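Structural overview for review
In case you want the letters, here they are:
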Protein chains: 2
Amino acid sequence: MDEFMEAAIEEARQGLAEGGIPIGSVLVHAGRIVGRGHNRRVQSGSVVLHGEMDALENAGRQPAKVYRESTLYTTLSPCPMCSGAILLYGIPKVVVGENRTFMGDEDHLRARGVEVQVIDSDECAALMRQFINDSPELWNEDIGS
Amino acid sequence: MDEFMEAAIEEARQGLAEGGIPIGSVLVHAGRIVGRGHNRRVQSGSVVLHGEMDALENAGRQPAKVYRESTLYTTLSPCPMCSGAILLYGIPKVVVGENRTFMGDEDHLRARGVEVQVIDSDECAALMRQFINDSPELWNEDIGS
């Protein structure tokens, strides 16, 4: 597997180890990770720091040009909020670990010109399936259900 | 003017006084403000805490039912990220101070069933116009331009 998706999965596993929701993400520019993060709902009581948002936040304030040359890797299909952040910053490409356990706003991203590549990882899906089975209420809270 | 939009404007003015971008927001449930906030790009180096996101974050972890009965007030038309957050949590109504200085994803929100009411406030527009004039680079950074 791609080293960057491996890094996103490491973030997801770190989140799980912290008692959190196992979704991780990395922002990659010019072959280098410039931001990495994972869902912080449990750890920080955050309702906005999904994995993708945490990676963007940890990348810090970047010039518009950087976002426009970057790829965002995420272990799970991006929800409407994270998809909106991708559109706001004009990130042209998203690599998604899996969309079996949750289908995000991939169609909306594609309709706005973002390349969305789904690698359909068994490892990512197994992480989420186990988590959803163990903590369905927490998962529903995270997706506003 | 509506007391809730007044509160959002107070937040915007507080942000400006802190040296930040003057956009404020409040989340209102059952006639009461449950979260309020303003853009934190300058103050916290945040790329995700737009005014609306900061209001949601400050409201904390709410049951899905609360979001679905709430109205979000914001001094400026919500960008794709903030619009996505509104969709994620199923907030049914958004009251917008103005969309003259920036047009957000209002059409997308409406297409997904969100009621968007634009009050077209001169006060909100004047705040942003002055800010954009004084700090165009900071403003462009905030909208990924």
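Rules behind the numbers
Residues numbered from 1 in each chain as written. Chains lettered and ligands numbered in written order. Predicted model: local features only at pLDDT ≥ 70, side-chain atom pairs only at ≥ 80, totals over all residues. Heavy atoms only, no water. Contact = heavy atoms within 4.5 Å. Buried area = accessible area lost by both parts, 1.4 Å probe. Salt bridge = Lys/Arg side-chain N within 4 Å of Asp/Glu carboxyl O. Axes fitted to C-alpha atoms, helices over the stretch in contact; angles between N-to-C directions. Helix = DSSP H or I, 4+ residues; strand = E, 2+ residues; numbered from the N terminus. Parallel < 35°, antiparallel > 145°, perpendicular 65-115°, else oblique. Nonpolar A, V, L, I, M, F, W, Y, C, P; charged D, E, K, R; others polar. Pairing = 2+ DSSP bridges. Least-squares fit on C-alpha atoms with pLDDT ≥ 70 in both. UniProt positions renumbered as here; feature names shortened; annotations may be inferred. Buried < 20%, exposed > 50% of the residue type's maximum accessible area, 1.4 Å probe, protein only. Right-handed = clockwise from strand over helix to strand, strands pointing away. Core = buried A, V, L, I, M, F, W, Y, C linked by side-chain atoms within 4.5 Å. Disulfide = S-S within 2.5 Å.

**A word on the interface of chain A and chain B**
- On the side of chain B, 33 residues touch chain A, which itself brings 33 residues to the contact.
- Interface of chain A and chain B: buried area, both sides summed, is about 2700 Å²; carbon and sulfur atoms make up 57% of it.
- Looking only at chain A, the three residues that lose the most surface to chain B are A:Val47, A:Arg61 and A:Leu88, adding up to 25% of its buried area.
- Taken together, the links from chain A to chain B amount to 4 salt bridges.

**A few points about the packing of helix α5 (residues 80–89) of chain A against helix α5 (residues 80–88) of chain B**
- The contact between α5(A) and α5(B) brings their axes to 7 Å, and the two run at 170°. Taken together, the axes of α5(A) and α5(B) lie roughly antiparallel to each other. Residue-level contacts link A:Pro80, A:Met81, A:Gly84, A:Ala85, A:Leu87 and A:Leu88 of α5(A) to B:Pro80, B:Met81, B:Gly84, B:Ala85, B:Leu87 and B:Leu88 of α5(B).
- Here the contact of α5(A) with α5(B) is composed, by residue class, of 10 nonpolar, 2 polar and no charged.

**A short note on the sheet that holds strand β2 (residues 32–38) of chain A**
Residues and elements named next belong to chain A.
- Within the open sheet, the 5 strands sit side by side as β2-β1-β3-β4-β5. Their pairing is mixed. Unpaired on one side and paired on the other, β2 and β5 (115–118) mark the two borders of the sheet. Sheet twist, expressed as the mean angle between neighbouring strand axes with direction ignored, is 15°.
- Where strand β3 (residues 70–76) and strand β4 (residues 93–98) come together, 5 bridges link them in parallel fashion.

**A word on the relation of the copies chain A and chain B**
- Rotating chain A by 180° about the axis while translating it 0.0 Å along that axis superimposes it on chain B, leaving an RMSD of 0.0 Å. When the rotation and shift are considered jointly, the pair of chain copies conforms to a two-fold rotation axis.
- Mapped onto chain B, 100% of the interface residues of chain A are again interface residues, and the two copies thus contact each other with one and the same surface.

**Describing the UniProt feature "domain: CMP/dCMP-type deaminase" (unreviewed entry) in chain A**
- Those residues carrying the UniProt feature "domain: CMP/dCMP-type deaminase" (unreviewed entry) are residues 1–116 of chain A in this numbering.
- Strand forms 24% of residues 1–116 of chain A and helix 42%; the C-alpha atoms that close the span are 17 Å apart.

**Focus on the pairing of strand β4 (residues 93–98) of chain B**
Residues and elements named next belong to chain B.
- Within β4, 5 of the 6 residues are buried, which leaves the element mostly enclosed by the surrounding structure.
- For the crossover that starts at strand β3 (residues 70–76), traverses α5 and ends in the parallel β4, the hand is right-handed.
- In this sheet, strand β5 (residues 115–118) lies alongside β4 in parallel orientation, the contact comprising 4 bridges. Pairing of Val 96 across the sheet is with Val 118, part of β5.
- Considered for its hand, the β-α-β crossover made up of β4, helix α6 (residues 106–111) and β5 is right-handed.

**Looking at the nonpolar core**
- Judged by nonpolar contacts, the single largest core of 66 residues is most densely connected at A:Met53, A:Met81, A:Trp139, B:Met53, B:Met81 and B:Trp139.
- Looking at which element gives the most residues to this core, the answer is α5(A), with 7 residues.
- If we ignore the near neighbours within four places in the chain, the residues touching B:Met53 are A:Val48, A:Met53, A:Met81, B:Val48, B:Met81, B:Cys82 and B:Ala85.

**Notes on the sheet that holds strand β1 (residues 24–29) of chain B**
All names here are of chain B.
- Strand order in the open sheet formed by 5 strands is β2-β1-β3-β4-β5, and the pairing between neighbours is mixed. Of all the strands in the sheet, the pair left with one neighbour each is β2 (32–38) and β5. Averaged over all pairs of adjacent strands, the angle between strand axes in this sheet comes to 15°, irrespective of strand direction.
- Running over the sheet, helix α3 (residues 51–59) touches β1, β2 and β3 and is turned about 130° from β2.
- Across the sheet, helix α7 (residues 122–134) lies against β3 and β4, angled at about 60° from β4, the strand it touches most.

**Some words on the state of the cysteines**
- Considering all chains together, one arrives at 0 disulfides over all chains under this definition.
- Of the cysteine sulfurs around B:Cys124, a residue in no disulfide, the closest is that of B:Cys82, at 15 Å.

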